[in-house]
Amino acid sequence: MLCEECGKNQAEVMMTTVINGESTTRHLCRECLKKYKAGDLQAVLAAVLSAMTSKAQAPDITCPRCGETYAEFQKTGMLGCAECYQAFRKELTPLITRVQGRAQHAGRRPPVSEEEQARQNRMEELRTLMEAAVAEENFEEAARLRDELRAMVPAKEAQA
């Protein structure tokens, strides 16, 4: 059996990955296995995505912005631009769900209380109003808004 990664050398190693309970087995030669041992994250991601999507024929979809095709994405594991997420949305959603456990980005910021969210929203509103006042050369109003904004900033944020 030939290596599923390079398709050139004889496969000597069988590698099984389990993601969210779904097992995928790849047959690799020793050279391709070294990529995994060296921690080549891009190669690992490309192989996992390739294995996960090999069951279905690649649809003939092209990103209108960068020209990346879904077949190219399956080979490399990398998208060409941010618009690729929309162009390949139908195909990517199940993949992302299988890999990450959910399709919606959860973010890296910790959740904040409703009061803190309201404070942040008000501060953003004050910044916008202040910028508009400066643009209109209404400096008295801009100074008043600046002072109100400063009063809302906690002491530890002001020092940072």
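This text follows the structure it describes.
As a starting point, this report considers the structure included with it. Counting from 1, residues in each chain are numbered in the order their sequence is written. This being a predicted model, a pLDDT of at least 70 is required before a residue's local features are given, and a value of 80 or more before pairs of side-chain atoms are given or counted; all residues contribute to the totals for chains, interfaces and linings. Values shown for side chains rest on all heavy atoms present in the structure; no hydrogens or waters enter the calculation.

**Side note on the nonpolar core**
And then number 1: Among buried residues, the Ala, Val, Leu, Ile, Met, Phe, Trp, Tyr and Cys ones that are joined through side-chain atoms within 4.5 Å form a nonpolar core. Burial status follows relative accessibility: with a 1.4 Å probe on protein chains alone, a residue under 20% of its type maximum counts as buried, one over 50% as exposed, and anything between as partly exposed. Membership of the largest hydrophobic core is limited to eight residues, which are C63, Y70, F73, C81, C84, F88, L92 and L95.
And then number 2: Setting aside its immediate chain neighbours within four residues, C63 contacts E68, C81, E83, C84, A87 and F88. Contacts are assigned to residue pairs with any non-hydrogen atoms lying within 4.5 Å of each other.

**Quick look at the pattern of salt bridges**
Note that side chains of opposite charge can pair when their charged atoms are close.
And then number 1: The term salt bridge refers to a side-chain nitrogen of Lys or Arg lying within 4 Å of a carboxyl oxygen of Asp or Glu. All told, the structure shown has eight salt bridges when counted by the stated rule.
And then number 2: E12 is the salt-bridge partner of R30, the closest N and O atoms lying 3.0 Å from each other. Of the two residues, R30 is situated in helix α1 (residues 30-37) and E12 in the segment before β1 (13-19); the sequence distance between them amounts to 18 residues.
And then number 3: One salt bridge in this structure joins E125 and R122, with 3.4 Å as the shortest N-O distance. Of this pair, E125 and R122 both sit in helix α6 (residues 114-135), three residues apart, roughly one helical turn.
And then number 4: Given a relative accessible area of 42%, E125 falls into the partly exposed group.
And then number 5: Take R122: its relative accessible area is 29%, and that puts it in the partly exposed class.
And then number 6: Shared partners join several salt bridges into a network, and the residues in it are R122, E125, E141, R144 and E148. What counts as a helix is a DSSP run of H or I of at least four residues, what counts as a strand is a run of E of at least two, and both are numbered from the N terminus.

**With respect to unusual backbone geometry**
Most of the time, phi is negative for any residue but glycine, and the peptide bond is trans.
And then number 1: Of note in this structure, E137 is not a glycine but carries a positive phi near 60°.
And then number 2: Within the element layout of this structure, E137 appears in the loop between α6 and α7 (139-152).

**Brief notes about the environment of E141**
And then number 1: Relative to the elements of secondary structure, E141 occurs in helix α7.
And then number 2: Residue class for E141 comes out partly exposed when judged on its relative accessible area of 28%.
And then number 3: Distance in space between the C-alpha atoms of E141 and M130 is 7.4 Å, their sequence separation being eleven residues.

**Here we look at the environment of M1**
And then number 1: Relative to the elements of secondary structure, M1 occurs in the segment before β1.
And then number 2: Along the backbone, M1 and L28 are 27 residues apart, and their C-alpha atoms lie at a distance of 9.3 Å.
And then number 3: When neighbours within four sequence positions are excluded, M1 is seen to be in contact with N9, Q10, A11 and H27.

**Details of the packing of aromatic side chains**
And then number 1: Working definition: a ring pair exists when centres of Phe, Tyr or Trp rings (six-membered ring for Trp) sit within 6.5 Å. Plane angles under 30 degrees give stacked, over 60 give edge-to-face, the rest tilted. In total, this model carries two aromatic pairs according to the counting rule given.
And then number 2: With a centroid separation of 5.6 Å and 45° between ring planes, the pair formed by Y70 and F73 is classed as tilted. Residue Y70 and its partner F73 are located together in helix α3 (residues 70-76), separated by three residues, close to a single helical turn.
And then number 3: On the accessibility criterion, F73 (5% relative accessible area) is buried.
And then number 4: Considering the side-chain rings of Y70 and F88, the 5.6 Å spacing of their centres and the 70° angle between planes classify their relative orientation as edge-to-face. A residue pair is termed long-range when its members are at least 10 positions apart, and Y70 in helix α3 and F88 in the loop between α4 (84-87) and α5 (89-100) qualify at 18 residues.

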